[in-house]
Every structure is written in structure tokens, then in C-alpha cells.
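Fold and geometry: a report
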Amino acid sequence: MKIAKVIVDVPLMQTDKPFSYVIPSEMEELIERGMRVHVPFGSGNRLVQGIVIGFEDEELEPSVNLKEVSELLDVEPVLTDEQLWLADEMRHSVFSYKISCLKAMLPNLLNSNYDKLLKSTDGTSVKWSQLTEAEKISSAKAVRLGQLSVEYLAKSKENRKTEKFLSIPDIEKLAEFEIEKRAKKRLELKYFLLRLQEEKIAVKSLNFSSQIIKFFVEHDLVKIEEVEISRTKEKFEAVENDSAKILNFEQNAAYEKIIASSDKPFLLEGITGSGKTEVYLQTIDHFLKLGKTAIMLVPEISLTPQITNRFIARFGDKVAIMHSGLSDGEKYDEWRKIKSGKAQVVVGARSAIFAPVENLGIIIIDEEHETSYKQDSSPRYHARDIALLRAKWHGARLVLGSATPSLETRARAMRGVYELLLLTKRANEAAILPEIKIIDMRSEISDQSANFSHSLLTKIKEKIDKDEQVILMLNRRGYSSFVMCRECGFVVDCPNCDISLTLHMDTRTLNCHYCGHVEGIPQTCPNCHSRKIRYYGSGTQKVEEELREIMPEARVLRMDVDTTRTKNAHEKILEKFGNHEADILLGTQMIAKGLDFPNVTLVGVINADTGLNLPDFRASERSFELLMQVAGRAGRADKKGEVFIQTFNPHHYAIEMTKAQDYEKFYEMEMRFRRELSYPPYYFTVQVLVSHQDEEVAIQKSYEIAQLLKQNLTEKAKILGPTARPIARTHNLYHYQILVKYRFEEELESALNQVLELTQLRDNKNLRVLIDSEPQNFV
DNA sequence: AGCACGCCGACT
DNA sequence: GTCGGCGTGCTC
């Protein structure tokens, strides 16, 4: 008797282990590791989805009565052996359920309901769900033999995009077929088809009515087939081809080293404009030529057409793009394209690291310092860790690229764990580094404006007069707009969370960013009933208003969460700005990344400080990275760029090092500080977050947990807290956190698992415990 | 999560 | 006497 070990889709601690099911004999030769199944689960035998992770020949515990697998959901495995292994490896660090790890690797569509369409070579097709059990088995065998092809079908129609194509099975027959002279349209189509060069033509591109075409179909003169088309296809057609550029000496040295050895990962550290992307493109090309595949990770926020088009231009339809803007159906299309081997280059955000490519040659993580590579919900994996595992499995290269590497990465490069490759020159040698000016807002507050210094305003005017463009960044971290009464100072707070509500001008509502609570904007102060209640939209909106008042002649484009909510809004704004339909692009962080507008000669940072004083040991690092990055937007072509940074902390080292554009010095200073305070990269960190409705319970339990950790860890581990979270209450829960700093703790994993076990006790029913290894955000 | 088993209160 | 309250515990 053959038995399947199945991980069921019931994300709970008690069910987080393989369950054994008997494989019905007719399924025996079809079932494989990595396939999805339906199995009866629990006393009610409700059907749940599960993933087969292995087999046993004998049942290990004959005492338990095994049930049978009800249904095989796949004809070929949706998860590879490598992915099953990745899930096992991941689990040591993410403290999540195995099923969650597995599901993170599948497109959403496969995690929900869908059907399969079996297509035979003669064009007929049948839905899997309509087959009898016996037919299912014979069909599956036919798929194996290549007699049938299979297509997954979402239950909801809009997930699939097809187009009808026409082909001519027998041109002779068509030529000989007589059509009456008075049937002018039919004759027209006949001659059109006879002159046709292409093998297939899209029906919609023909200028003939469906009636006419139907006549040809009925006489077997033409064949119509419905072809699923990739939703992203249009994009490929619009991009012009591009070929490799000549590398400069440094770029070439980096290229040679990367292709030469896979001993250790590379850190490609190159200043803005040094041509990292060209190195990526050429190394990828090298591996493609060897018949291998590539994964290129880019932060979600920079996954703009400007970036993706460079890959499409170079590699054409070998590229699959994966980002969160795609619908489930589109993501699924791309996944299939990769899985089938049609795409060999995957460009995508964090989750693209799981792309089902085989024969991986190289993984590149651009802007490796970006925190978005760490998922901030379960499973809390870091794409870099997954990349290391995959590179190991495939013997592939791993390249981490950045102008401002994270301290962790750079420190590893210094210790020789990674090989450091430096690009110190701009690829376009004419381009010079921008000049950065720090404006001390303590002495320069303009009487005209609350946000602009006199010198920045003057400079903006000067640039606009010269017909050059300006980018203005408002640092929104730790700062959002709220409604306040001018009379009594009352601020509207969220009833569930200890935080003020954020104003959304587009929907005219007050929203809580934590629990999603929404309410209307009050007309009078709820506290003192004064009418002097004032508000502004997003910070950017307020700045925009000010700008319009001071400089009515300037054309301003605003880019923030409010203006980019709709699909493609992002792209449209950038396109407009690129066409010089505006003089000023005003936005939040999202404008700092990867944009390249040659006509931009001034970058202004309105408020450099907001991120600086956050209660997060990475606050300086983040600010420095962001400022360096936004500074890089100025003067990328032959025009010289200028950068104005407004700050109330002009002597903060993150600001001073930005002015000097000196990563090395910043690295040194920041490392010293991290060493003194025992933070990464000198120590590893893990955070335990304890939440409960009752604050007393939350406090008490978090002390218990801290105690448990102390008992199980060595004296060298440093346990901070428990302390209340910066926002102590959200969703009506009180949050307390414990931070463990450690170097070598063999018992850490088991101690943390013990903490999780605690939550299983009945008196801890309402206690929520989250474990986050190497947390990236403390606010 | 679901679902059943189980052991106490107010009802035809 | 019994219907049903939801506390407790298990799921191959």
C-alpha cells in the first residue's frame, strides 16, 4: 500500500505536520511530490487542499486508520523538489507554518478554486470538473503521453485572457473552393486568405464580420483556435530592441569576476549612474547563452516600466515580469510562462525569488539594502536568504547590488563572506556628481512659506526659467497628515488604536492605517465645537498648495498614495513628467528610486529630518540611503545637477555624509555606533511581539516569555524589554515587544519554538505571539 | 479553523 | 425526563 504524506492547508500549530493518506490504486502512478490534492480532514471529512511532500511504502503507525486521498488536483507538480526543500529550510528562520511557506511559492490562483481545461491536439477541449472519475484518470495519462495539453482555468472568467486565431489547414482546398460571384465579401476574404503570409492571424485583426468567417469555418476552409495570450504581451511589442553597451574598465572587471566563479556571493557596490544595470544585463546574457536562467529582483517601488523595459529591450519575450500590480490572473500567466520554460529571465519584486525556474544560472538582487525584501507578514522571509539557498542548490551566482549597501551586507563583504566589486565611476563620463547643499532650516525659514526655504524657492525659479525640471521629495516616514482643532488642539484619534487618523482627501475620509477604521471628516471640533478645525490632505498636497500660491506659473505634478491609487497612474505621471508636461515632480519616497530624467537638474528634499529621529536603530542608515538615492536623480545626463536638502539637523552625520556623498565614511561611523550598542551587523536580532486585548495580560505574558528566553539562552544573549510598542494599541490589542540580540545561540530556535508552544495552552487563547527574525521595522 | 463529544441548566 | 448551551480536544 502506497501512502502519501500531505501538508494540509489548515494553518495552525496542531496541524503543522505531514498527514498520511492512502493513495487509491488508480492514482498511484499519477501522483507525485509537489502536487496538490484534496483530502478528507477532521471528523466531518470536509475536503481541504493539501500538498504532497513525499511517500511512504508502509504505514508507520498501524494504529491510526488512514483515509484516502480524494482527488488529485494537478497533472504535473506545481512545486519542484527544490521548492519543497526551500520550504523546509525557510521554516528554521520564519517561525511560520509549513503550509504558509509552501503557499508563498505558488501564485494565488493555485491557492484558490480553479478548474482545468484539457485540450486535445484537434482543438477540442473539455473541463476537468465535468469528467467522471474514470475519465479523469485516462485523461491524466493522455496528458503524460502528450496527447492532451492542460490549461488551468480560474473559476472567475476575468482571470483568463484569450484571443481567437485563424489558420488555414489546407491552402489548396481553399484555392479550389468555389464561391459565388455575388458573395462579394466571401470572395474578398478568400483572396485575402490566399495572399496571407502568416501561418496564423488574429481574428480580431481581420476586417470581416463573424458571419463571413463562420461560413469558412463551416466548410472546413479555416480553423479557429482560442489561444490564451499573456496579458503583458502588449508591453513587449511597444519596447524597442536594445543591444549590449561597451563596458568601462570597472564594469568589465566586475563582469569577468561574476562569470568566473560561484565560490561566494558578490556585492556590486556602485555609485548612482555607474552602470550596474548594464553589468546585470550582460551577466544575465552570459548565463542565458549557456542555456541557464536568471532571476532579477528589484524593489517593488522601482519596478517601473523604465526599469522593466530595459530587460525587455534586451531579452524580449524571454522576460517574465512579476509584481504586485498584476492581477491574480496576470501573475498566474507569468508563473506559467516561467514554469513552462518559455521565460528564462524573471524580473520581479520580493516574491519572484520563488519563481519556478530550473537550471538557475544567476540571481541578482538590486538595491539590496531595501527593506521591502523582507516580507512583513507571515512567512517573514528575507529574499536575500532565499536567494542564498537557491544559489547553493543550483550552484548559481548571487549578486547583491547597491549604491549604499546595507551595513549587514557590506560588513560581510569586508569579512570576505561576499566578494566586493566596486564601481566608482559614472558610466557616462561626462556626467559629474551633483553638488549637494544643506539648508539649515533653523535659520532659513521663509516668511512666505512653512515648508520652503528662501534659497530653495529661488533655485526652483531659476531652474524653471531655464526650462529645466525639478524633483521635490517630501519624506513622509513617521509623518502623516491629521485633523486638528486650532482652538483646543484636539486631534481625531482612532477608537481602536493609539494613533491619530490620517486624512485622505481623495475619499474625504479619515482612515486608520493600522486597523482600517474609516470615518467622515468632522465639520466642527468634536471636543470644543469650534469651527476652527483645520486639515490638509497628504503632506504632499499641502506642499503642492503652497507651491501653487508662491509660484503659480510652475506646472506641478504630484505623486503620492492619493494620486497613484488607480492602476497605471504611477506610469502616467512619470510619462507626463518625462514629456516635460510639468516643471516640478512632487512626491514621497517613491520618486527617489531608479527614475532617470535627463532634464532634471535640481532635486529638493523638503524635510530630511522626519526619518532621522524614529525609534529605530536603522533610522540613520535609512535616511542616508534615501537621501543618497534621491540625490542621484539630479543631473544624470550632461547637465550638472544640484541637490538642496532642507533640515533642522544639519550636523547629523547622516546628513553630513550625504553632503559629502561619502558612503565609506558613513559606513565607518555607523558601524562604530552599531558596535557600541550591540546592534546588527555585530549582533543578530529577533523580535517577539506579544499582543492581547487586556493590557495587564499582555504585560504579564511578555514578562513570562522574556523570562523563558533568559532561562534558555546563554548569558551572552541580550534581551531588551518587554517594552510597549511605539504604537501600543492597534486593532484593540495591546502590543509589547521583546528584542533579543545574540551572536551564537544554539538553543535559540528551540527556545522560540517553546514560546510558540505557550500560545497553545488554553489560558493563553487570546494571546497572540509573533516572532520576527531580523526585523526591519520597529515603528 | 471546523466539527463532535460531553457535561450542566430551563424547557415541551 | 430532554434539548441545547458552548468549553475541550482532535484532525492521517
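Residues numbered from 1 in each chain as written. Chains lettered and ligands numbered in written order. Predicted model: local features only at pLDDT ≥ 70, side-chain atom pairs only at ≥ 80, totals over all residues. Heavy atoms only, no water.

**Focus on the protein's contact with DNA strand B**
Around DNA strand B, the surrounding shell consists of Leu12, Ser43, Gly44 and Arg46. Sugar and phosphate atoms represent 44% of those atoms of DNA strand B found within 4 Å of the protein. Within the side chain of Arg46, an N or O atom sits 3.4 Å from a base nitrogen of DNA strand B. When the residues that make up the surface near DNA strand B are grouped by side-chain class, the tally is 1 nonpolar, 2 polar and 1 charged. (Near = heavy atom within 4 Å. Polar contact = N/O pair within 3.5 Å; in protein donor to acceptor, adjacent residues only side chain to side chain. Nonpolar A, V, L, I, M, F, W, Y, C, P; charged D, E, K, R; others polar.)

**A few points about the sheet that holds strand E6 (residues 71–72)**
Spatially, the 6 strands line up as an open sheet ordered E5-E2-E1-E4-E3-E6, and their pairing is mixed. Here the strands that pair on one side only, and so sit at the sheet edges, are strand E5 (67–68) and E6. Direction of pairing for strand E2 (residues 19–22) relative to E5: parallel, over a ladder of 2 bridges. The residue of E5 that forms the bridge with Val22 is Glu68. (Pairing = 2+ DSSP bridges. Helix = DSSP H or I, 4+ residues; strand = E, 2+ residues; numbered from the N terminus.)

**Remarks on the sheet that holds strand E25 (residues 518–520)**
The strand order across the open sheet built from 3 strands is E23-E24-E25, with neighbouring strands paired in antiparallel fashion. The open sheet is flanked by strand E23 (502–504) and E25, the only strands paired with a single partner. Averaged over all pairs of adjacent strands, the angle between their axes in this sheet comes to 35°, without regard to strand direction. Two elements, E23 and strand E24 (residues 509–511), share 3 bridges in a ladder whose sense is antiparallel. Note on E24: the bridge partner recorded for Leu503 is Leu510. (Axes fitted to C-alpha atoms, helices over the stretch in contact; angles between N-to-C directions.)

**Some details on the protein's contact with DNA strand C**
In the vicinity of DNA strand C lie 13 residues, with Ser20, Tyr21, Gly42, Leu66 and Lys67 positioned nearest. Of everything in DNA strand C that lies within 4 Å of the protein, sugar and phosphate atoms constitute 43%. Note that a base oxygen of DNA strand C is positioned 2.6 Å from one of the backbone N or O atoms of Ser20. Interatomic distance of 3.3 Å between a backbone N/O atom of Gly42 and a sugar or linking oxygen of DNA strand C. Listed by contribution, the elements that provide at least two residues to the surface near DNA strand C are E2 and strand E3 (36–41). With 3 residues, the top contributor of residues to the surface near DNA strand C is E2.

**Description of the UniProt feature "domain: Helicase ATP-binding" (unreviewed entry) in chain A**
What UniProt calls "domain: Helicase ATP-binding" (unreviewed entry) maps, in this numbering, to residues 257–423. The span residues 257–423 is 37% helix and 21% strand, and its two end C-alpha atoms sit 13 Å from each other. (UniProt positions renumbered as here; feature names shortened; annotations may be inferred.)

**Side note on helix H22 (residues 695–712)**
Compared with the 26 Å implied by 1.5 Å per residue over 18 residues, the 26 Å span of H22 between its first and last C-alpha is a close match. Turning to H22, its buried residues number three or more, namely Ala698, Lys701, Ser702, Ile705, Ala706, Leu708 and Leu709. Buried residues of H22, seen end-on, are gathered within an arc of 160° and therefore sit on one face of the element. Seen from the open side of H22, the exposed residues pointing more than 90 degrees away from its buried face are Glu696 and Gln711. On its buried face, H22 sits against strand E31 (684–692), strand E32 (718–730), strand E33 (733–742), helix H23 (748–758) and strand E34 (768–773). One side-chain oxygen of the residue at the start of H22 lies 3.0 Å from the amide nitrogen of Glu696, identifying that residue as Asp694. (Expected span 1.5 Å × (residues − 1). Buried < 20%, exposed > 50% of the residue type's maximum accessible area, 1.4 Å probe, protein only. Arc of directions from axis to C-beta. Contact = heavy atoms within 4.5 Å.)

**Examining the side chain of Thr730**
Secondary-structure assignment places Thr730 in strand E32. Of note is the side chain of Thr730, whose polar atom sits 3.1 Å from the side chain of His731. Within polar-contact distance, the side chain of Thr730 engages the side chain of His735 at 2.6 Å. Aside from chain neighbours lying at most four places away, what touches Thr730 is Asn496, Cys497, Tyr514 and His735.

**Some details on the pattern of salt bridges**
As enumerated under the stated definition, the model contains 31 salt bridges in all. In this structure, the salt-bridge partner of Asp16 is Arg91, at a minimum N-O distance of 2.7 Å. In this pair, Asp16 is assigned in the loop between strand E1 (3–8) and E2 and Arg91 in helix H1 (residues 81–94), connecting sequence segments 75 residues apart. In this structure Arg91 comes out as partly exposed when scored by relative accessible area, which is 29%. (Salt bridge = Lys/Arg side-chain N within 4 Å of Asp/Glu carboxyl O.)

**Section: the pairing of strand E29 (residues 600–605)**
Taken across its 6 residues, E29 has 6 buried, putting it largely inside the fold. Pairing between strand E21 (residues 469–473) and E29: 5 bridges, direction parallel. What sits directly across from Ile471, in E29, is Val603. Bridge count between E29 and strand E30 (residues 642–647): 4 bridges; the pairing is parallel. The partner of Leu602 across the bridge, within E30, is Glu642.

**Some words on the nonpolar core**
Within the largest apolar cluster, 47 residues are counted, with the highest numbers of intra-cluster contacts made by Ile353 and Ile363. Excluding its chain neighbours within four sequence positions, the residues that come into contact with Ile363 are Ile295, Ile353, Ala387, Arg390, Ala391, Arg397, Leu398 and Val399. By size, the runner-up hydrophobic cluster in this structure holds 40 residues, among which are Met473, Leu585, Val600 and Phe624. (Core = buried A, V, L, I, M, F, W, Y, C linked by side-chain atoms within 4.5 Å.)

**Comments concerning unusual backbone geometry**
The omega torsion across Ser378 and Pro379 is -5°, close enough to zero to call that bond cis. With respect to the helices and strands, the residue Pro379 is situated in the loop between strand E17 (360–365) and helix H13 (383–394). Omega for the peptide link from Pro680 to Pro681 comes to 5°, which places this bond in the cis form. Along the chain, Pro681 falls in the loop between helix H21 (663–676) and E31. Despite not being glycine, His731 shows a phi value in the positive range, around 50°. The topology assignment puts His731 in the loop between E32 and E33. The exposure class of His731 is partly exposed, given its relative accessible area of 43%.

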